[in-house]
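Okay, here's what each chain looks like letter by letter:
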Amino acid sequence: MIRIGDGRKSDSWAEINVVVDVFRSTTTIPLILARGAQYIVPFRDVRKAIEFKRKNPGTVLIGEKYGIKPPYFDYDNSPAEIDEADLSGKIVAFTSTNGTYVLSRIRSGRVIFASYVNFSSAVSMIRKYSDVLILPSNRPIGRAQEDILFSELLKAAAEGKQVNVDAYLKETAEINRSIIAGVGERDLEYCLKLDYTDILPEYAGGRIIRSAESLGEQ
C-alpha cells in the first residue's frame, strides 16, 4: 500500500519513507551526489553544521534557513548553483528549513528523497515495496501544494496508473508563481527537470548516500 502523509505531522512510518521537498531540498540533494560528493551529513541546526565543518576541515556547507543562505556556507540550497559546482570526493554538511526537519522526524524504515529530477528512479524503487509512505515536507506555516502535487503523481505512477507528467510540471510552475517567496527562475528550471539524474539518495547511518537501488546501479 502507498500512502501520502504529512511530513510535519505524521507519526507512523513505513518500510519505505519518501521525503518530498520539490522547492528545493529533494531537488538539490540528488544533484549534490551527482556532482561527485562522497556523502551528505544532514543537520536541522545551522550551528551544528558549522561546528561539523570546524571539526572536519574540507567539508562543504550547503543549505538555507527560511530561504536564506546562512553565513559561512559555501552554497545555497540551490540546484542551479550546485549543478555548476565541483564536489568531487567532498563531504557535504546540509541543512534546510523543511527537508531536513522532516528527515529528523522519521523513526523507522528506509528513507529516500524524491523530486522530478529523479522521478523514474523513485518510481522504480517504490514499486518493489508493499508498504510505502510519501511525505510532503510542507512548510512551517502550512501545506506546500507543489509537494502534495508531486506526491500524488509519484503515488499514481508507482501504482501503474497513466499520468500526464507534463501537466503536473506545468501546474508546479504555476504554483511557484503564486507563492510570495517562490524559487527563482533558474532554480525553478532545475526543479522541473524530469529525470535529470538517476541518483536516488538514501539516508543510512547518519549519512545521505547514493542508493544501490538507483536506476544506474541496477
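About the criteria used
- Residues numbered from 1 in each chain as written.
- Predicted model: local features only at pLDDT ≥ 70, side-chain atom pairs only at ≥ 80, totals over all residues.
- Heavy atoms only, no water.
- Salt bridge = Lys/Arg side-chain N within 4 Å of Asp/Glu carboxyl O.
- Buried < 20%, exposed > 50% of the residue type's maximum accessible area, 1.4 Å probe, protein only.
- Helix = DSSP H or I, 4+ residues; strand = E, 2+ residues; numbered from the N terminus.
- Phe/Tyr/Trp six-rings, centres within 6.5 Å; stacked < 30°, edge-to-face > 60°.
- Lys NZ or Arg CZ within 6 Å of the ring centre and 35° of its normal.
- Core = buried A, V, L, I, M, F, W, Y, C linked by side-chain atoms within 4.5 Å.
- Contact = heavy atoms within 4.5 Å.

Engineer: What's the story with the pattern of salt bridges in this structure? I'm lost.
Structural biologist: Where charged atoms of side chains with opposite charge meet at close range, the side chains can pair. Using the criterion set out here, one finds 15 salt bridges in the structure. With a closest N to O distance of 3.4 Å, Arg47 and Asp45 form a salt bridge. The class for Asp45 is partly exposed, based on a relative accessible area of 23%. For the salt bridge of Glu213 with Lys128, the shortest nitrogen-to-oxygen distance reads 3.4 Å. Taken together, the positions of Glu213 in the segment after strand E9 (207–210) and Lys128 in the loop between helix H5 (119–126) and strand E7 (132–136) put the pair 85 residues apart, joining distant regions of the chain. With relative accessibility at 45%, the residue Lys128 sits in the partly exposed group. One network of salt bridges, with partners in common, ties together Arg110, Lys128, Glu202 and Glu213.

Engineer: I would appreciate a short explanation of the packing of aromatic side chains in the present structure.
Structural biologist: Both the distance between ring centres and the angle between the ring planes are used here to describe each pair of aromatic rings. This structure, assessed with the given rule, holds four aromatic pairs. Note on Phe119 and Phe150: the rings are 6.2 Å apart at their centroids and 70° apart in plane angle, and the pair reads as edge-to-face. Remark: Phe150 occurs in helix H6 (residues 145–158) and Phe119 occurs in helix H5; sequence separation between them is 31 residues. For the pair Tyr190 and Tyr196, a centre-to-centre distance of 5.7 Å together with 85° between the ring planes defines the contact as edge-to-face. Ring pairing ties together the aromatic residues Tyr116, Phe119 and Phe150, which thus form one cluster. The positively charged end of Arg207 is found above the aromatic ring belonging to Tyr39, 3.8 Å away from the centroid.

Engineer: What should I look at first to understand helix H1 (residues 25–34) in this one?
Structural biologist: Side chains of residues three or four places apart in an α-helix project in the same direction, reflecting 3.6 residues per turn. Across the 10 residues of H1, nine count as buried, placing the element largely inside the fold. Every buried residue of H1 is listed here: Ser25, Thr26, Thr27, Thr28, Ile29, Pro30, Leu31, Ile32 and Leu33. Looking one or two places after H1, you find Gly36, whose phi comes out positive at around 105°.

Engineer: How should I be thinking about the nonpolar core in this particular structure?
Structural biologist: A general feature of soluble globular proteins is that nonpolar side chains tend to end up buried together. Core analysis: the biggest nonpolar cluster contains 31 residues, and Val18, Tyr116, Phe119, Val132, Phe150 and Leu154 have the highest contact counts within it. Where this core is concerned, the elements lending two or more residues are strand E2 (16–20), strand E6 (110–114), H5, E7, H6, helix H7 (165–178) and helix H8 (185–191). For this core, the leading source of residues is H6, giving six residues. Dropping the residues within four chain positions of it, Val132 is found in contact with Met1, Ile2, Arg3, Ala14, Ile16, Val18 and Ile126. Ranked by size, the runner-up nonpolar core spans 27 residues in total, among them Ala14, Leu33, Leu133 and Leu135.

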